[in-house]
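Chain and residue survey
What follows is the residue order along each chain.
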Amino acid sequence: MTDLDHLTQSLARNLKRWRQERGFTLDALAARAGVSRGMLIQIEQARTNPSVGTVVKVADALGVSITTLLDFDREPQVRLVPEEQAVRLWQTDAGSHSTLLAGTEAPGPLELWSWRLMPGEGSDSDPHPQGTTELVHVTAGVLTLTADGTTHEVPAGTSACFESHVPHGYRNEGAEPVEMTMAVAVPAPR
């Protein structure tokens, strides 16, 4: 079984588990997440590899982290995530990528990411649930952060914090790669 097969199977198993645990029908979750019922069925049957945007929408609608959707093996209080177990969720031919390093569910979903954006590349995100906060620390290059239509330049050595319940995105408009670490905190479901 390939890594992609393992990821698809984990996502199928965990989506169904969390949907049922939350008491959502397929129709209710589809409406809440803004994705089609057919897409949810395909994911739960491990017949598709959905986009990162779709996985984020479904995780947000369930009130869980992407980590929880991809792997639900509960371990002891301290969980080590070796480099080879980090999950690269997207990448481009030019070398941009984002990697989910670790995540937890207490008190609400909390994720730690490593990002690399090559010159001229970027990633946009739909709004997350109200109360979601993102922290970014740039270690190389100059990040162009856009939140709710306002652009901010974030040079290496600088951190940014913002509420991400608004449209937002990350771009590299410079000539050298941008490297950054990001933490995303989502409020616990109500």
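Please refer to the structure placed before this passage.
Attention here is on the structure that accompanies the text. The shown structure was predicted, so the numbers you read here are calculated from the model rather than taken from an experiment.

1. With respect to the packing of helix α1 (residues 3-22) against helix α4 (residues 52-62)
Taken N-terminus to C-terminus, the directions of α1 and α4 make an angle of 30°; their axes are 10 Å apart at the nearest point. Classified by the angle between their axes, α1 and α4 sit roughly parallel to one another. The two elements α1 and α4 cross, and the hand of that crossing is left-handed. From α1, Leu 11, Leu 15, Trp 18, Arg 19 and Arg 22 reach across to α4, where they touch Val 55, Val 58 and Leu 62.

2. Focus: α4
In terms of residue burial, α4 counts as a mostly covered element, since eight of its eleven residues are buried. Listed in full, the buried residues belonging to α4 are Thr 54, Val 55, Val 56, Val 58, Ala 59, Asp 60, Ala 61 and Leu 62. Looking at the buried positions of α4, the neighbouring elements they touch are α1, α2 (26-33), α3 (37-44) and α5 (66-70). Directly after α4, the chain includes Gly 63, whose backbone phi takes a positive value near 75°.

3. A few points about the pattern of salt bridges
In the structure shown here, the tally under the stated rule is six salt bridges. The shortest N-O distance in the salt bridge between Glu 21 and Arg 22 comes to 3.9 Å. A salt bridge links Arg 37 to Asp 27, with the shortest nitrogen-to-oxygen separation between them at 3.1 Å. Here Arg 37 is found in helix α3, whereas its partner Asp 27 is found in helix α2, with ten residues between them in sequence.

Cut-off values and rules
Residues numbered from 1 in each chain as written. Predicted model: local features only at pLDDT ≥ 70, side-chain atom pairs only at ≥ 80, totals over all residues. Heavy atoms only, no water. Axes fitted to C-alpha atoms, helices over the stretch in contact; angles between N-to-C directions. Helix = DSSP H or I, 4+ residues; strand = E, 2+ residues; numbered from the N terminus. Parallel < 35°, antiparallel > 145°, perpendicular 65-115°, else oblique. Left-handed = near helix turned anticlockwise from the far one by under 90°. Contact = heavy atoms within 4.5 Å. Buried < 20%, exposed > 50% of the residue type's maximum accessible area, 1.4 Å probe, protein only. Salt bridge = Lys/Arg side-chain N within 4 Å of Asp/Glu carboxyl O.

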